[in-house]
Amino acid sequence: MMSGTVQPFRSPGYFIRAATMPWEAAGASDLRRRVFVEEQGIFKNHDRDDIDMIATHLVALSTCAHEADGVVGTVRIHEAEKGVWWGSRLAVDLAYRNVGRLGPELIRLAVGTANARGCHRFLANVQPQNVILFRRMRWDVLGEVDVHGVPHMRMAARLDYYEPAPDPAAGWYHKVLRGAA
């Protein structure tokens, strides 16, 4: 079927896993800068902080010929105190926000990874526009907080909803159904 419009290439699937390669970590950092500095203006130059040194960084990777070729989503998790885990800096590239549930898949890996590591409470400070997504994913609102001058909702995951993910580096391949956004 020929139409006068050329459709952009969309990856047929995405790897959802822990960043293990230098290019994946660099891609996650670059994506966070684009989202939190350039797009949202929350930070002036970069969003890096001390948590980056202790966090597990998770990524959504676009694919070409079933090989990972670019970071299109990221989130980091860390254990703040024994059994209490936090997710933060969830970012999905603007061009991929309506593609194949990348944000939810990253959240699922984040909570599942912490679950496999002895988590008994998983928290995140969520921007208001994302609260509906988190509620659909079985998170409860605990209250409002200010994060870097931006209102957020503190939320807690219902851990029984999330299967443990004992090997986040292996993660999984998330196939996008044709026509699904």
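Model, not experiment: these values are computed from the prediction.

Q: Describe the pattern of salt bridges, naming the residues involved and giving the relevant values.
A: Charged atoms that come close allow side chains of opposite charge to pair. According to the stated counting rule, one finds 15 salt bridges in the structure shown. Across the pair Glu24 and Arg17 runs a salt bridge, and its minimum N-O distance is 2.5 Å. Owing to a relative accessible area of 0%, Glu24 belongs among the buried residues under this scheme. By relative accessible area, which is 17% here, Arg17 ends up buried. A salt bridge links Glu39 to Arg97; the shortest N-O distance between them is 2.7 Å. Here Glu39 is found in helix α1 (residues 22–39), whereas its partner Arg97 is found in the loop between β4 (84–92) and α3 (102–116), with 58 residues between them in sequence. Linked by salt bridges that have partners in common, Arg32, Asp47, Asp49, Asp52, Arg76 and Arg89 make up one network.

Q: An account of the side chain of Ser62 is requested, with residue identities and associated values reported.
A: Following the sequence through the fold, Ser62 ends up in strand β2 (residues 56–64). Residue Ser62 is classed as buried on the basis of its relative accessible area of 6%. Excluding residues that lie within four positions of it along the chain, Ser62 makes contacts with Ser11, Gly13, Tyr14, Glu67, Ala68, Asp69, Gly70 and Val72.

Cut-offs and rules
Residues numbered from 1 in each chain as written. Predicted model: local features only at pLDDT ≥ 70, side-chain atom pairs only at ≥ 80, totals over all residues. Heavy atoms only, no water. Salt bridge = Lys/Arg side-chain N within 4 Å of Asp/Glu carboxyl O. Buried < 20%, exposed > 50% of the residue type's maximum accessible area, 1.4 Å probe, protein only. Helix = DSSP H or I, 4+ residues; strand = E, 2+ residues; numbered from the N terminus. Contact = heavy atoms within 4.5 Å.

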